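Residue strings, one per chain:
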Amino acid sequence: DRGKYHLFMVPLDVFSNNGVDVLKLRTLLLGNNMAFRNLFQNDKRMYKILMRIIKEHQDEKTAYNIAIVGLMMEFFAILTRKGLYNLDTNVKRDNLRLYKLIEPAIRHIRDNYKKTITIEELASLCHVSKHYFCRAFKTLNGKTTMEYLMEYRLKISDVMLSNGDKNIESIAEECGFCSLSYFCRSYKNFFGFTPSQRRKI
């Protein structure tokens with residue numbers, strides 16, 4: 001159904017400060033064979049927290065970033081109490097090994113998506129061959145490295161299109177696209193509508 005959706009992208013180290021990880025999400029999810037359940041559609045408390053986060057983000061009042069982190073901590077505290085389950089040990093062990101291997105590449109993509117990124121560069125960061133890196137990355141993520149990078153750039157651009165008044169060409173450039181036409185074509189192929197149409201939704 002058409003409508004307005006909110007995407008929350010939360011890195012595992014979001015609650016880390018000066019080396020101290022308050023909720024230890026990374027250890028909990030990657031080291032203890034745990035995962036969060038998918039659906040909490042009937043939990044009114046969690047829903048209200050997410051709505052408050054959206055409002056804080058939109059209003060941008062004084063110290064709104066601090067308020068958002070506080071609300072996210074409350075959200076994940078509830079999620080941790082009632083939404084965890086054990087994963088299959090063998091599958092989790094394999095995924096953890098692959099994640100540790102390619103984590104430097106994922107972090108590099110997240111921090112440098114605006115720049116030109118090559119597979120050789122990412123494989124080098126992970127200290128493995130290009131061939132092994134590509135195979136490991138696709139096994140873990142279900143898509144190639146370049147597909148992952150493209151999707152990441154497009155999702156960032158979508159957020160920028162829906163929040164703010166920068167022109168489309170500037171957004172394309174800031175998200176690492178070499179030309180406006182390539183960006184528009186890629187965006188439509190992925191989302192099903194053009195960046196201009198996105199602005200009207």
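Data block above holds the structure.
The structure contained in this document is the topic of the report that follows. (Residues numbered from 1 in each chain as written. Predicted model: local features only at pLDDT ≥ 70, side-chain atom pairs only at ≥ 80, totals over all residues. Heavy atoms only, no water.)

### Looking at the overall build of the protein chain
Part 1 of the argument: Scanning the protein chain from terminus to terminus reveals 10 helices and 4 strands.
Part 2 of the argument: Element order for the protein chain, N to C, with α for helix and β for strand: β-β-α-β-α-α-β-α-α-α-α-α-α-α.
Part 3 of the argument: A total of 201 residues make up the protein chain; the buried ones form 34% of that total.
Part 4 of the argument: Pairs at least 24 residues apart make up 63% of the contacts formed inside the protein chain by residues separated by at least 6 positions. (Helix = DSSP H or I, 4+ residues; strand = E, 2+ residues; numbered from the N terminus. Buried < 20%, exposed > 50% of the residue type's maximum accessible area, 1.4 Å probe, protein only. Contact = heavy atoms within 4.5 Å.)

### Points about the layout of surface pockets
Part 1 of the argument: In this structure, the second largest pocket encloses a volume near 190 Å³.
Part 2 of the argument: For the second largest pocket, the lining is made up of 13 residues, of which Arg 153, Gly 176, Phe 177, Cys 178 and Tyr 182 are closest to its centre.
Part 3 of the argument: Residue composition of the lining of the second largest pocket, grouped by class: 7 nonpolar, 2 polar and 4 charged. (1 Å grid on protein atoms, 1.4 Å probe; cavity = no way out; pocket = protein on both sides within 12 Å on 5 of 7 lines; lining within 4 Å. Points joined across faces, edges and corners; volume = space filled by probe spheres on them. Nonpolar A, V, L, I, M, F, W, Y, C, P; charged D, E, K, R; others polar.)

### Regarding the packing of aromatic side chains
Part 1 of the argument: Scanning all chains against the criterion turns up 11 aromatic pairs.
Part 2 of the argument: Seen in terms of ring centroids, Phe 75 and Phe 76 are 5.7 Å apart; in terms of plane orientation they differ by 80°. Their pairing is edge-to-face. In this structure, Phe 75 and Phe 76 share a single accessibility class: buried. (Phe/Tyr/Trp six-rings, centres within 6.5 Å; stacked < 30°, edge-to-face > 60°.)

### Let's talk about the pattern of salt bridges
Part 1 of the argument: Summed over the entire model, instances satisfying the criterion amount to 7 salt bridges.
Part 2 of the argument: Among the ionic pairs, Arg 45 bridges to Glu 74, the shortest N-O distance being 3.3 Å. Note that Arg 45 is positioned in helix H2 (residues 44–59) and Glu 74 in helix H3 (residues 64–82), a separation of 29 residues in sequence.
Part 3 of the argument: Here Glu 74 falls in the partly exposed class, since its relative accessible area comes to 29%. (Salt bridge = Lys/Arg side-chain N within 4 Å of Asp/Glu carboxyl O.)

By themselves, these are just geometric observations and shouldn't be taken as functional.
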